[in-house]
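Structural features, examined
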Amino acid sequence: MSANEIIDINKNSDEIRRASLIMAIHCAPLIKCIKAANIITVSTRELLLIRQMLVETDISYYTLKLIPRSSTKKGRSDTKHILYLFRKRELLEYLSRDDVMDLLSDYGYESQLKDVLNLYFQILTYDSQTVDEQLENNIDLTILIYKLLKRLSDRIMMYCGGNLEFPHEIGAFLEYPVEDVRGFLENNGENFIYSGYWKVYHNASRTIKLFQFYDLVREHALREVMNGKSIKEIAV
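Along each chain, residue indices are assigned from 1 in the same order as the chain's sequence is written. In view of the model being predicted, local features appear only for residues whose pLDDT reaches at least 70, and side-chain atom pairs are presented and counted only at 80 or more, with totals across whole chains, interfaces and linings using the full set of residues. Only hydrogens and water are set aside; all other atoms, that is, all heavy atoms of the structure, feed into the side-chain values.

1. Considering the sheet that holds strand β5 (residues 80–87)
Pairing is antiparallel in the open sheet, where three strands are placed in the order β1-β5-β2. Of all strands in the sheet, those bounded by a partner on one side alone are β1 (37–43) and β2 (59–67). Strand-to-strand twist across the sheet, computed as the mean angle between neighbouring axes with direction ignored, equals 25°. Note that β1 and β5 share seven bridges and pair antiparallel. Bridge pairing in β5 links Ser43 to Lys80. By definition, residues are in contact when any of their heavy atoms lie within 4.5 Å. Fitted lines through C-alpha atoms serve as axes, helices being fitted only where they are in contact, and the angles separating the N-to-C directions of these axes extend from 0 to 180 degrees. Numbered from the N terminus, helices here are DSSP runs of H or I no shorter than four residues, and strands are runs of E no shorter than two. Along the sheet, helix α2 (residues 15–31) contacts β1, β2 and β5; its crossing angle with β1, the most-contacted strand, is approximately 160°. Contacting β2 and β5, helix α4 (residues 88–95) crosses the sheet at an angle of about 80° to β5. For two strands to be treated as a pair, DSSP must find no fewer than two bridges joining them.

Listed below in structure tokens is the structure:
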């Protein structure tokens, strides 16, 4: 059963259940701590519900872009939010890789990366309990992560305004392999050897297995939600 079919079948369900299904469909690898981050587009009401769902989980969020209300023949459509969901530790670990840092530095993130990673590595020198507390509660770390994401958000807005090509470095923020991000850029999105969660240019057999694993994780998360569990209950 496709994701859209699942949502259609549950269209008369309560709004929390529907929002939970949307999360499970689009963010299962993040929920299960298989992936550092995901992006999802949601309505204002869904955003409020998702914020509530994430309380007491290790998942954070940042709104990359608002898509304002627009007039249609049927009236005014709801504002949409491009929501970036992430796990701090896993995201910072990924961003600290040399190849990822090199890629993002090419697009002007070097200063923001340096600031946030310096503080992150300082926090990692503490004992394990303090590290967990600092990752969750250190306001300076949160502000620095938001500054990093604000640059991405600004570049998305510039693209939407016609002043910039699409910021494909967003793939690094979604934990796509750097060689596939660079392959996409070098080939203008063509000549890929496989297409799934992203376009693949290297190590197709390995990546196909990863995509299949993501599919299994999504099926498992969907089953849990459809059996009545909350996002908080199924989050790892």
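From this point, things continue past the structure.
2. Regarding the side chain of Thr57
Note that Thr57 resides in the loop between α3 (44–53) and β2. For this analysis, a polar contact is any N or O atom pair within 3.5 Å, provided that within protein one partner can donate a hydrogen and the other can accept it, and provided that sequence-adjacent residues contribute only side-chain to side-chain pairs. A polar contact of 2.7 Å, which involves the side chain of Thr57, links it to the backbone oxygen of Leu54. Within the structure, Thr57 has its side chain in polar contact with the backbone nitrogen of Ile59 (distance 3.2 Å). Apart from the residues lying within four places of it in its own chain, the contact partners of Thr57 are Lys232 and Ala235.

3. What to know about the nonpolar core
By size, the foremost hydrophobic cluster in this structure holds 36 residues, and its most contacted members are Leu64, Tyr84, Phe86, Leu104, Val116, Leu141 and Phe173. Looking at which element gives the most residues to this core, the answer is helix α8 (residues 139–160), with seven residues. Not counting the four nearest positions on each side in its chain, Val116 is found in contact with Leu92, Leu141, Leu144, Ile145 and Leu148. We define a nonpolar core as any set of buried Ala, Val, Leu, Ile, Met, Phe, Trp, Tyr and Cys residues linked to one another through side-chain atoms lying within 4.5 Å. Exposure is judged per residue with a 1.4 Å probe applied to protein chains only, and the accessible area is read against the type maximum: over 50% gives exposed, under 20% gives buried, and values in between give partly exposed.

4. Considerations on the packing of α2 against α3
Contact geometry of α2 with α3 gives a least axis separation of 10 Å together with a crossing angle of 80°. One way to sum up the angle between α2 and α3 is to call them roughly perpendicular. Residues Glu15, Ile16, Ala19, Ser20, Ile22 and Met23 of α2 lie in contact with α3, whose contacting residues are Arg45, Glu46, Leu49, Ile50 and Met53. Here the residues of the contact of α2 with α3 are counted per class, giving seven nonpolar, one polar and three charged. Put simply, angles under 35 degrees are roughly parallel, angles over 145 are roughly antiparallel, angles from 65 to 115 are roughly perpendicular, and the rest are oblique. Throughout, the ten residues Ala, Val, Leu, Ile, Met, Phe, Trp, Tyr, Cys and Pro are labelled nonpolar, Asp, Glu, Lys and Arg are labelled charged, and all others, Gly among them, are labelled polar.

5. Describing the layout of surface pockets
Buried and open spaces are told apart on a 1 Å grid over the protein atoms alone, a cavity being a set of points where a 1.4 Å probe fits but cannot get out and a pocket being an open set with protein on both sides within 12 Å along at least five of seven lines. Residues with an atom within 4 Å of a point are the lining residues. Grid points are joined across faces, edges and corners, and a volume is the space filled by probe spheres set on the points. Considering only enclosed or pocket space, the largest pocket measures out at about 490 Å³ in volume. Around the largest pocket sit 18 residues that line it, and Thr57, Asp58, Ser60, Leu135 and Glu136 are the ones nearest its centre. A total of five residues in the lining of the largest pocket trace back to one element, the largest contributor, which is helix α7 (residues 128–137). Its residues assigned to classes, the lining of the largest pocket comprises five nonpolar, four polar and nine charged.

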